[in-house]
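# Observations on the three-dimensional arrangement
Each chain, written out:
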Amino acid sequence: MPPKARHIPLRSCLACGQKQPQRQMVRLVRALPGAAEIDLKGKKSGRGAYLCLQRECWHKGLKKGGLERALRTQISSENKESLMTQYTEQLAAAGKEAT
């Protein structure tokens, strides 16, 4: 009998709606009321949402209010700018950005 195939969890990007394996997505988690942070390990507790590694999805998710709806909180503009800066520094520098 062949070995059983391993289950790979899929997650949807909150900006484009495309489903991808969880490990290929970036999780954002609600930290405090009015704040969100990137969860690179995917282990932080709290309400989370996923974004693709594509720059367009990050712009759309942060600018159009999709992240706020998904996390069910208002996010300050400073926090949104901080998230975008973290994305460009950490993820793009690590070579994970998909073009």
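Here's what I pulled together on the structure shown here.

Rules used throughout
- Residues numbered from 1 in each chain as written.
- Predicted model: local features only at pLDDT ≥ 70, side-chain atom pairs only at ≥ 80, totals over all residues.
- Heavy atoms only, no water.
- Pairing = 2+ DSSP bridges.
- Helix = DSSP H or I, 4+ residues; strand = E, 2+ residues; numbered from the N terminus.
- Phe/Tyr/Trp six-rings, centres within 6.5 Å; stacked < 30°, edge-to-face > 60°.
- Buried < 20%, exposed > 50% of the residue type's maximum accessible area, 1.4 Å probe, protein only.
- Contact = heavy atoms within 4.5 Å.

### Thoughts on the pairing of strand β4 (residues 36–39)
Of the pairings in the sheet, the one linking strand β3 (residues 26–30) to β4 comprises 4 bridges and is antiparallel in character. Note on β4: the bridge partner recorded for L28 is I38. Hairpin geometry of β3 and β4 is characterised by an intervening segment of 5 residues between the two adjacent antiparallel strands and by a positive phi of about 85° at G34.

### With respect to the packing of aromatic side chains
Under the counting rule described, the total for this entry stands at 1 aromatic pair. Look at W58 and Y87: their rings are 4.5 Å apart centre to centre, the planes differ by 25°, and that puts the pair in the stacked class. Taken together, the residues W58 in helix α1 (residues 55–63) and Y87 in helix α3 (residues 77–93) connect sequence positions 29 residues apart. A relative accessible area of 0% means that W58 is categorised as buried. Y87 gets classed as buried once you look at its relative accessible area, which sits at 0%.

### What to know about the side chain of E68
Structurally, E68 can be placed in helix α2 (residues 66–71). Among residues more than four places away in sequence, those in contact with E68 are T73, Q74, I75 and K80.

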